[in-house]
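Summary of the model geometry
If you want the building blocks of each chain, they are given just below.
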Amino acid sequence: MTFHRTSRIALLFALAVAATALSAQPSLAFSEAQQMCTGDAMRLCGHEVPNVQRITACMVRNRAQVSPGCRAVMDREAAARRRAAAAE
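Small disclaimer: the values here were computed from a predicted structure and weren't measured. (Residues numbered from 1 in each chain as written. Predicted model: local features only at pLDDT ≥ 70, side-chain atom pairs only at ≥ 80, totals over all residues. Heavy atoms only, no water.)

**Quick look at the side chain of glutamate 48**
Just so we agree on the cut-off: Numbering of helices and strands starts at the N terminus; helices are DSSP runs of H or I of at least 4 residues and strands are runs of E of at least 2. When accessible area is computed with a 1.4 Å probe and restricted to protein chains, residues below 20% of their type maximum are described as buried, those above 50% as exposed, and intermediate ones as partly exposed. Counted as a polar contact is a pair of N or O atoms within 3.5 Å, where, for protein atoms, one must be capable of donating a hydrogen and the other of accepting one, and residues adjacent in sequence contribute only when both atoms are in side chains. We call two residues contacting when some pair of their heavy atoms lies within 4.5 Å.
Tracing the backbone shows glutamate 48 in the loop between helix H2 (26-45) and helix H3 (52-61). Look at glutamate 48 and you get buried, because its relative accessible area is 10%. A distance of 3.2 Å separates polar atoms of two side chains, one belonging to glutamate 48 and the other to histidine 47. When neighbours within four sequence positions are excluded, glutamate 48 is seen to be in contact with Arg54, Ile55, Cys58 and Arg61.

Pasting the structure below:
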């Protein structure tokens, strides 16, 4: 895998996670999601690139196989979405 393709996968996954996060600090969510989940996204969902929605769905489907750090980020983002939905 070339450096360009690896960077593209990492960026696309980070964008997918950041787009789904309803965090008060999106730049923090973006960098943390990118740091914690890029390896998992490439390993589990690289075949879905460049479709951001499919990468996100793939990560949700494979949640049991992601690293503990990535799972923690996914859990926090899901909790934030539930809180935002409950506040509406």
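That shown, we press on.
**Overview of H3**
Here is the rule: It is the directions from the helix axis to the C-beta atoms whose arc is reported.
Along H3, the residues that are buried comprise Ile55, Thr56, Cys58 and Met59. Projected down its long axis, H3 carries its buried residues within an arc of 160 degrees, all on one side. Looking at H3, the residues exposed on the side facing more than 90 degrees away from the buried face are Gln53, Val60 and Arg61. At the N-terminal boundary of H3, the capping side chain belongs to asparagine 51, with an oxygen 3.1 Å from the backbone nitrogen of glutamine 53.

**Looking at helix H4 (residues 68-87)**
Put simply, the test is: To estimate the expected span of a helix, count its residues, drop one, and scale the result by 1.5 Å.
With 20 residues, H4 should reach 28 Å at 1.5 Å per residue; the first-to-last C-alpha distance of 29 Å fits that figure. Within H4 the residues assigned to the buried category are Cys70, Val73, Met74, Glu77, Ala78, Ala79 and Ala80.

**Let's talk about the nonpolar core**
Definition in use: Throughout this description, the term nonpolar core refers to a set of buried Ala, Val, Leu, Ile, Met, Phe, Trp, Tyr and Cys residues connected via side-chain atoms within 4.5 Å.
Judged by nonpolar contacts, the single largest core of 13 residues is most densely connected at Cys37, Cys45, Met59, Val66, Cys70 and Met74. Elements with a minimum of two residues in this core: H2, H3 and H4. The contact partners of methionine 74, leaving out residues within four places of it in the chain, are Met59, Val60, Arg63 and Val66.

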